[in-house]
Amino acid sequence: LAWQPQFNFATQNCSRIMSSSSSCNDHSTAKTKQEQQRILYYKCEIDTTSPNTVIITRIPITTAATAPPPTPSSPPAATNPLPPQEPLPESVLQYQRQLRKVQASNRATNTSLTPSQHLKILHSDEYLVITNKPSGVLCVPGVHDHPSLLSLVHQKFGFTQKEEEVLPGKRYKKKQKKEKKVSMNNMIVHRLDMDTSGIVVFGLNNLVVKSLHELFRTRKVTKKYEALLCGHLPPHMSKGTIQMPLQRDHRHPPFMRISTPKSETEAEEAVKDLQHAGYKKLIMKQPKDSVTEFKVLSREWLCVDEKDGSISNRVVEEDGEIERTGGGDGREKDGCFPVTRVELVPVTGRTHQLRVHCAAIGHPIVADPAYGIWGEASPNGGFDESDMSIMFPHRANLDLQRAIDAAVRPSSSSTLLTGDNIVDKEHKDATNKEEDCEGKDNNDNDAMCMCLHARELRFDHPVTGEDLLVEAPPSF
């Protein structure tokens with residue numbers, strides 16, 4: 001399947017727009033009757049105003065159902081397209097989802113946080129504190145009062161020292177007394193996922209927190225993330241904009257997925273069933289527009305040392321190396337696996353937006369426990385595996401994702417084992433390996449944490465008005 005300037009994502013099956021001739025298709029000579037009857041809802045097309053730039057967006061339903069296929073233009077054709085793959089067995093996915101759920105619960109519950117190791121201050125004044133959160137650490141305690149970064153910040157900055165005179169016996173003495181400056185709940189400005197590392201802001205009084213909330217709400221805060229994605233993005237996708245609305249995944253709550261007319265209908269029916277079962281207050285939430293801008297920083301190889309299991313990165317030195325080695329087809333080169341380092345800018349700030357969008361274009365974030373291979377959420381951002389082969393022939397396919405997962409998380413198995421003793425041992429080993437990510441950098445151990453990092457935050461200080469730019473490089 002050669003790459004064409006426009007793709008369309010259907011509700012259940014997604015069809016690539018092709019010309020009336022079949023010369024662009026290396027695996028078949030003509031579209032089937034089923035393909036011709038597909039209704040198209042998403043498109044990915046070249047931005048003619050900027051080289052090597054794509055725009056992925058949704059087509060209105062009425063237009064999608066009636067629009068004729070456009071005439072192909074001249075982006076580079078795929079020289080090594082991927083054949084369709086069989087989807088992962090549901091029994092294996094269910095097992096892995098339960099395993100990841102237990103691992104996440106154990107990490108949240110059993111994490112022991114210390115200020116010296118986990119509280120990394122990037123900026124502090126009398127109004128706010130900016131920290132660099134390690135991966136595997138919760139931002140806030142939650143309903144179960146788990147150890148969190150907020151607890152550490154509150155212990156250090158949430159109290160003031162006040163001197164008072166006391167009279168023990170016949171001598172006057174001065175005693176230091178802690179006085180609460182602000183409650184923990186009134187310090188929260190925004191938050192990152194537990195597995196995401198990077199910059200987090202906390203306010204030190206109610207007025208500052210309200211001002212910061214307003215800055216975030218009105219999108220006057222510039223946020224830049226850095227991530228490693230599975231596979232090499234093709235050269236014509238060096239930058240672009242992903243405009244895919246998100247909705248709550250009705251099959252795997254509380255995770256998110258890309259919204260399609262079919263998924264919206266299924267979610268509405270699921271809510272009706274729950275309301276009929278007694279959940280009267282449950283309502284159907286409408287999908288939300290979600291926009292992410294991305295830019296390729298470098299195409300790299302993720303290399304694993306066979307002797308000690310250490311992980312290192314090597315940058316691709318020339319674009320031709322991508323094609324010669326088959327960057328996205330799951331083949332390794334000298335024990336190394338293709339990955340792409342990208343800058344992600346969330347224009348909107350939806351839950352798990354960056355993670356879902358990356359998975360939906362066929363390049364999930366390395367070591368993502370939810371939206372990557374074997375994750376708890378729907379794979380491919382909610383799209384079927386067979387459709388991904390048509391839409392993104394250069395995506396990181398299942399073989400490559402499995403290989404990277406086994407390399408960066410060596411104790412997590414990609415095979416469903418049978419027998420109580422074997423499963424128990426695998427569960428224990430995988431859980432211990434997951435705990436290696438608790439508050440540590442990726443270069444501190446042989447198991448990589450999720451490679452998504454909030455690298456840059458810029459906004460006007462809510463009190464002084466100064467232009468505040470804070471940067472923290474990722475550890476991966």
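Per chain, residue numbering runs from 1 following the sequence as it is written. Reporting in this predicted model follows two pLDDT cut-offs: at least 70 for local features of residues, and 80 or more for side-chain atom pairs to be given and counted; totals over whole chains, interfaces and linings ignore these cut-offs and use all residues. Computation of side-chain values covers all heavy atoms of the structure but excludes hydrogens and water.

Some words on the state of the cysteines
In what follows, a disulfide is any cysteine sulfur pair within 2.5 Å. If you walk through the whole model with that rule in mind, you get one disulfide. Linked covalently through their sulfurs, Cys303 and Cys336 form a disulfide whose S-S length is 2.0 Å. One quick way to see it: the torsion about the S-S bond of Cys303 and Cys336 is about 110°, and its sign makes the bridge right-handed. Here Cys303 is found in strand E13 (residues 291-304), whereas its partner Cys336 is found in strand E15 (residues 336-346), with 33 residues between them in sequence. Cys336 shares its class with Cys303; the two are buried. Note on Cys451: no disulfide assigned, nearest cysteine sulfur contributed by Cys449 at a separation of 8.1 Å. Among the residues examined, Cys451 registers a relative accessible area of 0% and is labelled buried. Secondary structure elements follow DSSP: runs of H or I of four or more residues count as helices, runs of E of two or more count as strands, with numbering from the N terminus. Here the term buried applies to any residue with accessible area under 20% of the maximum for its type, exposed to any over 50%, and partly exposed to those in between, with areas from a 1.4 Å probe on protein chains only.

Let's talk about the packing of aromatic side chains
When the centres of two rings from Phe, Tyr and Trp lie within 6.5 Å, Trp using its six-membered ring, the rings pair. Their planes under 30 degrees apart give stacked, over 60 give edge-to-face, and anything left gives tilted. The tally for this structure, following the rule as stated, stands at one aromatic pair. Ring centres of Phe255 and Tyr371 lie 6.0 Å apart, and the angle between their planes is 90°; this geometry places the pair in the edge-to-face category. In this pair, Phe255 is assigned in the loop between strand E11 (246-248) and strand E12 (256-258) and Tyr371 in the loop between helix H9 (353-360) and helix H10 (385-391), connecting sequence segments 116 residues apart. Exposure class is identical for Phe255 and Tyr371. Each is buried. Two conditions define a charge located above a ring, namely a distance within 6 Å from the ring centre to NZ of Lys or CZ of Arg, and an angle within 35 degrees of the ring normal. Here the basic side chain of Lys156 rests over the ring of Phe157, its NZ or CZ set 5.7 Å away from the ring centre.

Quick notes on the environment of Arg455
Within the fold, Arg455 resides in strand E16 (residues 452-460). A relative accessible area of 15% means that Arg455 is categorised as buried. Beyond its immediate sequence surroundings of up to four residues, Arg455 is in contact with Ile199, Lys224, Tyr225, Glu226, Leu297, Glu343, Val470, Glu471, Ala472, Pro473 and Pro474. A distance of 2.7 Å separates polar atoms of two side chains, one belonging to Arg455 and the other to Glu343. Residues count as neighbours in contact if any of their non-hydrogen atoms are within 4.5 Å of one another. Pairs of N or O atoms within 3.5 Å make up the polar contacts considered here, provided that, within protein, one atom can donate a hydrogen while the other can accept it, and that residues adjacent in sequence are counted only when both atoms are side-chain atoms.

A look at the pattern of salt bridges
Throughout this description, the term salt bridge denotes a Lys or Arg side-chain nitrogen within 4 Å of a carboxyl oxygen of Asp or Glu. As enumerated under the stated definition, the model contains 13 salt bridges in all. With its nearest N and O atoms 2.8 Å apart, the salt bridge here joins Glu214 to Arg217. Of this pair, Glu214 and Arg217 both sit in helix H6 (residues 206-217), three residues apart, which is roughly one turn of the helix. Assessed through its relative accessible area of 37%, Glu214 is described here as partly exposed. Across the pair Arg341 and Glu226 runs a salt bridge whose closest N-O atoms are separated by 2.8 Å. In this pair, Arg341 sits in strand E15 while Glu226 sits in strand E9 (residues 222-230), placing the two residues 115 residues apart along the sequence. Using a relative accessible area of 8% as the deciding quantity, one classes Glu226 as buried. When salt bridges with common partners are traced through the structure, they connect Glu226, Glu300, Arg341, Glu343 and Arg455 into a single cluster.

Regarding the nonpolar core
One recurring pattern in soluble globular proteins: nonpolar side chains tend to sit buried together. To define a nonpolar core, start from buried Ala, Val, Leu, Ile, Met, Phe, Trp, Tyr and Cys residues and group those joined through side-chain atoms within 4.5 Å. Core analysis: the largest hydrophobic core is formed by 69 residues, its most contacted members being Leu344, Val366 and Ile404. In this view, Leu344 contacts Lys223, Lys224, Tyr225, Ala227, Thr292, Glu293, Phe294, Leu354, Cys358 and Leu452; residues no more than four positions away in its chain are not counted. Among the nonpolar cores identified, the runner-up in size contains 15 residues, and Leu128, Val201, Val221 and Leu468 belong to it.

Some points on the pairing of E13
The rule for pairing is simple: two strands pair if DSSP sees at least two bridges between them. Sheet topology note: the strand E10 (residues 239-243)/E13 ladder contains five bridges and is antiparallel. Paired with Ile242 across the bridge in E13 is Thr292. In terms of strand pairing, E13 meets E15 through eleven bridges, oriented antiparallel. Pairing of Val296 across the sheet is with Val342, part of E15. The pairing of E13 with strand E14 (residues 311-315) spans five bridges and is classified as antiparallel. Within E14, the residue paired with Cys303 across the bridge is Ser312.

Points about unusual backbone geometry
For the bond from Pro253 to Pro254, the omega torsion is 5°, close enough to zero to count as cis. The residue Pro254 is located in the loop between E11 and E12 in this model. For Arg219, which is not glycine, the phi torsion reads 60° and is therefore positive. Within the fold, Arg219 resides in the loop between H6 and E9. On the basis of relative accessible area, Arg219 is assigned to the exposed category, the value being 52%. Phi at Ala367 takes a positive value of approximately 65°, unusual for a residue other than glycine. Within the element layout of this structure, Ala367 appears in the loop between H9 and H10.

Side note on H6
Expected span, for any helix, means 1.5 Å times one less than how many residues it has. Taking 1.5 Å per residue as the helical rise, H6 with its twelve residues ought to reach 16 Å, and the 16 Å between its terminal C-alpha atoms agrees with that figure. Taken residue by residue, H6 has Val208, Val209, Leu212, Leu215 and Phe216 as its buried positions. Buried positions in H6, seen along its axis, are confined to an arc of 120° and lie on one side of it. Exposed side of H6, more than 90 degrees from the buried face: Leu207, Lys210 and Arg217 are the residues found there. Along its buried surface, H6 packs onto strand E5 (128-133), strand E8 (197-203), E9 and E16. Among the residues trailing H6, Arg219 stands out with phi positive, at a value near 60°. The arc in question is the one traced by the directions running from the helix axis out to the C-beta atoms.

Such coordinate-based values are descriptive only and should not be taken to indicate function.
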